[in-house]
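Listed below, chain by chain, are the residues.
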Amino acid sequence: MTPRIYFYANFGNWNRQPYGGGEIGNRRTLSMMRQAGYDVHLIEKYNRVNKHTLTDAMIISCLMMWNVIKLFFVLLFGRRKKSLVHIVGFYGSTIYFERFLVGISHLLGYRTVYEMRGGGAIFHYQNGSDRYRRWFAATIKKADYIFSQGQENKPLLDIIDPGKHFFYYPNCVMRDFCPDDHPNKPTNRINLFYFGRVSKQKNVDIVVDTFNILAAKYSNIYLDIVGNYTEPVYAEDIRRRISSSEYANRITMHPACSHDKLKEYLADKHFYIFPTTEPREGHSNALTEAMAWGLIPVATDMGFNRAIIGNDSLIVGRHEGISDQQVNPVSFASVITQIIDAGKIQQLSMQAYQRIQDDYTEEVVYNRLINEYASLFNSTLVY
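Parameters and conventions
- Residues numbered from 1 in each chain as written.
- Predicted model: local features only at pLDDT ≥ 70, side-chain atom pairs only at ≥ 80, totals over all residues.
- Heavy atoms only, no water.
- Helix = DSSP H or I, 4+ residues; strand = E, 2+ residues; numbered from the N terminus.
- Expected span 1.5 Å × (residues − 1).
- Buried < 20%, exposed > 50% of the residue type's maximum accessible area, 1.4 Å probe, protein only.
- Core = buried A, V, L, I, M, F, W, Y, C linked by side-chain atoms within 4.5 Å.
- Salt bridge = Lys/Arg side-chain N within 4 Å of Asp/Glu carboxyl O.
- Pairing = 2+ DSSP bridges.
- Contact = heavy atoms within 4.5 Å.
- Axes fitted to C-alpha atoms, helices over the stretch in contact; angles between N-to-C directions.
- Phe/Tyr/Trp six-rings, centres within 6.5 Å; stacked < 30°, edge-to-face > 60°.
- Polar contact = N/O pair within 3.5 Å; in protein donor to acceptor, adjacent residues only side chain to side chain.

**Things to note about helix H2 (residues 54–76)**
- With 23 residues, H2 extends 33 Å from end C-alpha to end C-alpha; this agrees with the ideal 33 Å at 1.5 Å per step.
- Within the sequence span of H2, burial applies to Asp 56, Ile 60, Met 64, Asn 67, Val 68, Leu 71 and Leu 75.

This is the structure:
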């Protein structure tokens with residue numbers, strides 16, 4: 001009997017490019033499950049809405065109720081023998097909804113994986129209401145196995161449910177995206193890069209201002225930005241900053257692009273500037289993809305950035321509650337200046353590339369995931 005996985009997650013619109021790291025990661029997990037030969041039954045989560053009007057809130061509420069009903073009936077008439085239910089959750093405001101999903105799976109006699117995607121679990125738990133903490137703890141306790149994008153979540157889970165089965169399941173860089181060898185970087189110029197969502201919480205304004213500081217010192221430094229604007233007012237601010245820059249002729253803006261085109265942009269870049277203060281930042285796909293091409297990441301200490309980068313000298317700011325004073329272009333420019341002046345670009349570029357090869361390629365993560373699932377399915381608990 002082929003092991004079966006009932007996979008509940010948000011995959012987005014299959015006719016479009018996935019939006020955000022959650023949809024990308026879920027599609028990659030699905031690909032790995034199928035590659036391993038599992039019988040995967042999808043239970044697709046409602047798609048996000050573009051706006052947050054009262055009408056949209058009502059629509060999402062109805063879709064959430066429909067998801068609960070759909071999961072219930074799929075599992076009610078499903079196969080329990082040699083089966084697992086894998087539920088991808090984002091906790092925070094959705095924990096009440098996810099508590100119902102995990103509870104239904106448990107009630108119907110399935111062994112359940114609760115996958116914690118994104119970041120902010122500790123922040124939400126520490127700053128949430130008593131009710132939130134109770135529901136989060138109940139979700140963790142009802143799940144049989146916890147998968148987490150970050151090792152940072154384990155101490156909290158050990159407090160809530162000591163001895164709970166915990167599996168570190170980071171994002172990965174797909175094999176067709178990774179270069180076979182460390183890319184040769186130009187030696188006659190220095191290329192800065194940002195790609196991803198152009199939004200206020202990603203602080204792309206700091207990227208531009210960091211470049212301006214460095215451009216005043218280095219005549220051979222350039223900046224490329226790839227991404228779509230998601231906030232009109234913020235988009236106008238970025239355009240104004242670029243057009244008013246004394247070095248605007250060395251800044252190039254590109255719209256969001258395919259992964260194949262992205263590889264062309266990454267090939268000759270030296271630094272990836274990542275000043276995010278996104279509260280839900282987890283394991284950034286952009287971060288690991290940049291490092292896979294030998295870009296030196298200079299990032300805030302948000303989400304799981306510190307653990308992924310593995311070099312504290314490249315981290316700017318604190319883990320939680322970063323203030324504007326701490327996350328500023330002067331701090332980012334200072335880190336980059338020290339690397340340039342010390343002649344360490346080639347060394348740190350190679351280290352970034354090798355870190356991905358060692359820990360975050362599709363092969364590495366796939367083997368760990370499949371070994372984990374093999375262990376779960378070999379347990380008498382799932383028969």
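And the narrative resumes.
**Points about the nonpolar core**
- Grouped together as the largest cluster of nonpolar side chains are 94 residues, with contacts concentrated most on Tyr 114, Phe 136, Leu 192 and Phe 271.
- Per-element accounting of this core gives the leading share, 7 residues, to helix H7 (residues 204–215).
- Counting 25 residues, the second largest nonpolar core, distinct from the first, contains Val 40, Phe 167, Cys 172 and Tyr 373.

**Here's the deal with the pattern of salt bridges**
- In this structure the tally under the stated criterion is 23 salt bridges.
- In this structure, Lys 217 and Asp 341 form a salt bridge, with 3.1 Å as the shortest nitrogen-oxygen distance. Placement of the pair is Lys 217 in the loop between H7 and strand E8 (221–226) and Asp 341 in helix H12 (residues 329–341), with a sequence separation of 124 residues.
- The salt bridge partner of Asp 237 is Arg 241, with a shortest N-O separation of 3.0 Å. Taken together, the residues span about one helical turn, with Asp 237 and Arg 241 both in helix H8 (residues 232–243) at a distance of 4 residues.
- Each member of the salt-bridge network shares a partner with another, and the members are Asp 205, Asp 209, Asp 237, Arg 240 and Arg 241.

**Comments concerning the sheet that holds strand E9 (residues 251–254)**
- Taken in spatial order, the 6 strands make up an open sheet running E9-E8-E7-E10-E11-E12, and their pairing is parallel. Edge positions in the open sheet fall to E9 and strand E12 (315–316), since each of these has one partner strand only.
- Looking at chain direction, E8 and E9 are connected through 4 bridges and run parallel. Its bridge partner being in E9, Val 226 is matched across the sheet by His 254.
- Across the sheet, H7 is in contact with strand E7 (190–195), E8, E9 and strand E10 (271–274); its angle to E8 comes to roughly 170°.

**Considering the packing of aromatic side chains**
- Considering all chains together, one arrives at 25 aromatic pairs under this definition.
- An angle of 80° between the planes, with centres 5.4 Å apart, marks the rings of Phe 7 and Phe 11 as edge-to-face. You'll find Phe 7 and Phe 11 in the same group, each marked buried.
- Ring plane angle 55° and centroid distance 6.0 Å describe the contact between Tyr 46 and Phe 97, whose orientation is recorded as tilted. With a gap of 51 residues between them, Tyr 46 in the loop between strand E2 (39–44) and H2 and Phe 97 in helix H3 (residues 95–107) connect regions that are remote in the sequence. The same class applies to Tyr 46 as to Phe 97, namely buried.

**What to know about the side chain of Lys 164**
- With respect to the secondary-structure elements, Lys 164 resides in the loop between helix H6 (154–160) and strand E6 (165–168).
- For Lys 164, a relative accessible area of 14% corresponds to the buried category.
- Polar contacts involving the side chain of Lys 164 include one to the main-chain carbonyl oxygen of Ile 140, which spans 3.1 Å.
- From its side chain, Lys 164 meets the backbone oxygen of Lys 141 in a polar contact 3.4 Å long.
- Leaving out residues up to four positions away in the same chain, Lys 164 has contacts with Ile 140, Lys 141, Ala 143, Asp 144 and Ile 146.

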